[in-house]
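What follows is each chain in one-letter form.
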Amino acid sequence: MNISDVYKIVRNKGIEWTAFRTKYEISRKIGIMKKRFPTKKMTDQELLNCTVFKKTNNTGMIADEIKINKNRFFFNSDNIGAYHDFLAGNLEKSEKDTLLNIADEAIKGKIFCFSRWEADYGTPINWHLNPVTGYEWPSDKHWVDLEELSQESGDVKYVWEASRFPQFYYFIRAYVLTKDEKYARAYWKQIESWITKNPYNLGINWKCGQEVAFRMFAWIFGLYVFLESPQSTDERIFALMKSLYQSALRIENNIDFAIKAVQNNHSISEAAGLFTFGILFPFFKDSKRLSDKGKKYLEQEGLKQIHDDGSYIQNSMNYHRLMLQDFVWCYRLAEVNGHSFSIELTDRINKSVYFSYQMQEERTGMVPNYGANDGALIFPLSICDYLDYRPQINTIHYILNGKRLYEPGPHDEELLWFC
C-alpha cells in the first residue's frame, strides 16, 4: 500500500476509522488478537462455575432451568398442536411435500442455500467445504489467521451458509407438521457434529460475529421447539449451552470491529446475539452484562443506521429486510420477558417498515431488487418465495403495532411462529 492508497482511505473513511482499522490489523499481525480469543477447550465444571448456581457438578441443572423457564422464548412447546393445525390446514399438499423434501435432503447434507438452490455438503456434513469450488478451509487454524477473501477459496458465504443452519427451520416446521422424531434427531446430530468439527475459535466458522449470531438464533429456536423431544437429553442441552455461551463471549470480545469498522447490519446482528443470550439464560453470571450491552448497541446502531425517512444505510432492500428480522427477534424476546426499547428506536423501525411496504408490489409482495442481494433470509419460516417480503414486514408491523398489514394468507406462518 502506497501513500496515495492511504490518502484515499483517510479521505473516504475518515481518520477515526483508519486509526481503528490500523490498530486492529497490527494487533492481529503481532498475535495480540489470538490471545484475546483463546482456543482452550472449556470443561463442564468451568461452564458450571460461570452460572449463578451454588457450587455443583450437576450438569442437568442447566436443562432443568431452561425447561422450568421455557416461557422466556416466544415459541411455547406446550402449544405445538396449534402450530401443527395451522400447517396441516393451510399448506397445500405440494407445499407440504416441498417442505418435507427440503428437510429430508438436509438430513443427508444437501442444504437449501440462500432460499434458492441446493448444495451438497456431504454425509456427514463437511462444515469447512465450499460446495461450489470444492475448496476445504483448514479446521485447525485460528480464525484470526484466516483471510476470507481469496480467489482459491471462492466466496466465503458458500461455506458459512451451512453453519447458519437454515435447514433447522425446515427441521422445525417438518417436525411440527409430522411429529416425526427424525427431525429432532437430525437437529441434535448436526449440532454435535458442528461442535466436534469446529473447536472454539478455530476455523472459518468463527471468523464473523454476525455468522455466530445467526447460528445462535437457529440453535436456540430449535432448542425450544425440540425441548420436549426424547432426543433432547440433559447432556445434549448442556453441550449446546456451552457452545452458546462461548459464542456470546466471541461476539462480545470483537463487536467493536463490527461497530467501528464494518458499520452495517453486522453490528445489529451481533448486538442481537448478546441480547438474546442474556435475556434467555439469566442463570449465567455474565447474562445481565451481555443483555445490557446488546440492548445498548441495538439502540445505538438502529438509530445510526436507519434514516429519518425509514431507508437503510446499506442502500439494499435485502439488507434492509435482514435488519428488520434482527429487530423482529429482539422486540419479541423483549416483549415476552418484560423489556422494551426506546420510543425513538421503535418509531424509526416503524418508518423502515412503511418504507419497505410502500416499495412493494401488492400482489406478489416483491420489492425492487435494489442494492446488494446475497440471498440472506435469517428466518425461512413460510412457504412464500424468498423475494416476497410480506412475511417479514407483516410480522414486525404486528409486533410494533398490534395489527397486521395484510389480509390472511400464506405469509401468516412467520407471524404465527413469532406471535
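Preceding this section is the structure that the text describes.
What you see is a predicted model; the values in this text were computed from it and never measured.

What counts as what
Residues numbered from 1 in each chain as written. Predicted model: local features only at pLDDT ≥ 70, side-chain atom pairs only at ≥ 80, totals over all residues. Heavy atoms only, no water. Core = buried A, V, L, I, M, F, W, Y, C linked by side-chain atoms within 4.5 Å. Buried < 20%, exposed > 50% of the residue type's maximum accessible area, 1.4 Å probe, protein only. Contact = heavy atoms within 4.5 Å. Salt bridge = Lys/Arg side-chain N within 4 Å of Asp/Glu carboxyl O. Helix = DSSP H or I, 4+ residues; strand = E, 2+ residues; numbered from the N terminus. Axes fitted to C-alpha atoms, helices over the stretch in contact; angles between N-to-C directions. Parallel < 35°, antiparallel > 145°, perpendicular 65-115°, else oblique. Nonpolar A, V, L, I, M, F, W, Y, C, P; charged D, E, K, R; others polar.

Peer 1: Which residues make up the nonpolar core, and what are the values?
Peer 2: If you look at the biggest cluster of nonpolar residues, it comprises 126 residues, and the most contacted ones within it are Phe-221, Phe-281 and Trp-329. Apart from residues lying up to four places away in sequence, Phe-281 is in contact with Ile-66, Ile-220, Tyr-224, Met-241, Leu-244 and Ser-287. In terms of nonpolar packing, the next biggest core, distinct from the first, is built from eight residues, Trp-137, Val-159, Trp-160 and Cys-208 among them.

Peer 1: Tell me about the pattern of salt bridges, and name the residues and values.
Peer 2: The final tally for this structure, using the stated rule, is 28 salt bridges. Between Lys-351 and Asp-347 there is a salt bridge, with the nearest N and O atoms lying 3.6 Å from each other. You can see Lys-351 and its partner Asp-347 sitting in helix α17 (residues 343-359), four residues apart, about one turn around the helix. What makes Lys-351 partly exposed here is its relative accessible area of 36%. Each member of the salt-bridge network shares a partner with another, and the members are Arg-21, Glu-25, Arg-28 and Glu-147.

Peer 1: Go over the packing of helix α1 (residues 3-13) against helix α2 (residues 15-29) with me, naming the residues and quoting the values.
Peer 2: Orientation of α1 relative to α2, taken along the N-to-C sense of each, is 120 degrees, at an axis distance of 6 Å. It follows that α1 is oblique to α2 by the angle criterion. When α1 is examined against α2, the residues Ile-9, Val-10 and Lys-13 are found in contact with a partner set consisting of Ile-15, Trp-17 and Thr-18. Within the contact of α1 with α2, the residues separate by chemical class into four nonpolar, one polar and one charged.

Peer 1: Talk me through unusual backbone geometry; I want residue IDs and the actual numbers.
Peer 2: Geometrically, the link from Thr-123 to Pro-124 is a cis peptide bond, its omega value of -5 degrees lying close to zero. By the secondary structure assignment, Pro-124 is in the loop between β2 (117-120) and α8 (157-164). The phi dihedral of Asn-201 falls on the positive side, at around 70 degrees, and the residue is not glycine. Secondary-structure assignment places Asn-201 in the loop between α10 (181-197) and α11 (209-225). On the basis of relative accessibility, which here comes to 0%, the residue Asn-201 falls in the buried class. In this model, Gln-263 sits at a positive phi of 60 degrees, which is unusual for a non-glycine residue. Along the chain, Gln-263 turns up in the loop between α13 (255-262) and α14 (265-280).

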